[in-house]
Amino acid sequence: MLIRNFFGHLATVCRHRHKVLIHCAKAGILKRGLLHDLSKFSPAEFIPGVKYYQGTRSPNEMEREQNGYSSAWLHHKGRNRHHFEYWVDYNPKTKRAEPVKMPDIFIYEMFCDRVSASKIYKKDAYTNDAPLEYFRRGSANRAIEKQTSQKLEMLLVMLAEKGEEAVFSYIKAQPK
């Protein structure tokens with residue numbers, strides 16, 4: 001079981017990174033694709049990834065179910081700027097932690113990440129609507145800055161309505 005989980009998780013991470021790299025290249029942000037999710041190979045993320053690997057969803061979900069939190073996710077979100085959860089800071093006026101606007105380059109990487117993850121986990125059932133449906137399912141409980149959320153949703157709607165080529169062309173044309 002451990003050997004199967006080790007190689008299954010390694011293969012999933014590598015397939016995902018490869019898809020993100022291809023998408024980032026098409027979007028004109030190759031450097032983001034090359035740097036994407038390197039922390040997943042750190043012991044803090046890789047070991048729980050193997051332990052909680054199922055092959056059909058993120059191991060972080062299973063770790064959360066068993067422990068009430070995911071140590072791998074806490075490590076990951078704090079090191080990867082393409083996750084909106086990274087972009088939380090204290091507001092000096094309210095003295096509360098609040099989401100802040102993400103730079104566009106990381107929103108574009110987040111888009112590539114979400115599309116790639118949908119393809120990896122949905123396999124042959126993937127459609128261009130899948131990332132948008134997933135995004136909208138979680139929107140009520142998501143703490144994301146408004147403009148960041150709107151920009152990501154706009155990209156996901158464009159994907160659903162016009163396809164990958166249109167979105168990658170749009171992103172490529174944007175200033176970085």
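Here, the structure is the one placed above.
Quick look at the structure, then. (Residues numbered from 1 in each chain as written. Predicted model: local features only at pLDDT ≥ 70, side-chain atom pairs only at ≥ 80, totals over all residues. Heavy atoms only, no water.)

Examining the overall build of the chain
Per the secondary structure count, the chain includes 9 helices and 2 strands. N-terminal to C-terminal, the α/β element order of the chain is α-α-α-α-α-β-β-α-α-α-α. Taken over the C-alpha trace, the chain has a radius of gyration of 16 Å; the compact-globule value for 176 residues is 16 Å, and the two agree within 12%. With the C-alpha coordinates of the chain rotated into their principal frame, the extents come out at 45 × 45 × 30 Å. The proportion of buried residues among the 176 residues of the chain is 42%. Put simply, of all contacts in the chain between residues at least 6 apart along the chain, 59% involve residues at least 24 apart. Accessible surface computed for the chain: about 10,000 Å², of which carbon and sulfur atoms make up 56%. (Helix = DSSP H or I, 4+ residues; strand = E, 2+ residues; numbered from the N terminus. Rg over C-alpha atoms; globule rule 2.2 N^0.38 Å. Buried < 20%, exposed > 50% of the residue type's maximum accessible area, 1.4 Å probe, protein only. Contact = heavy atoms within 4.5 Å. Areas by Shrake-Rupley, 256 points an atom, 1.4 Å probe, with all protein chains shown as cover.)

What to know about helix H9 (residues 164-173)
Those residues of H9 not exposed but buried are Glu-164, Val-167, Phe-168 and Ile-171. Around the axis of H9, the buried residues are gathered within 95° of arc, so they sit on the same side. Within H9, the exposed residues directed more than 90 degrees away from the buried face are Glu-165 and Ala-173. Those residues of H9 hidden inside the fold are in contact with helix H1 (2-26), helix H6 (104-122) and helix H8 (146-162). (Arc of directions from axis to C-beta.)

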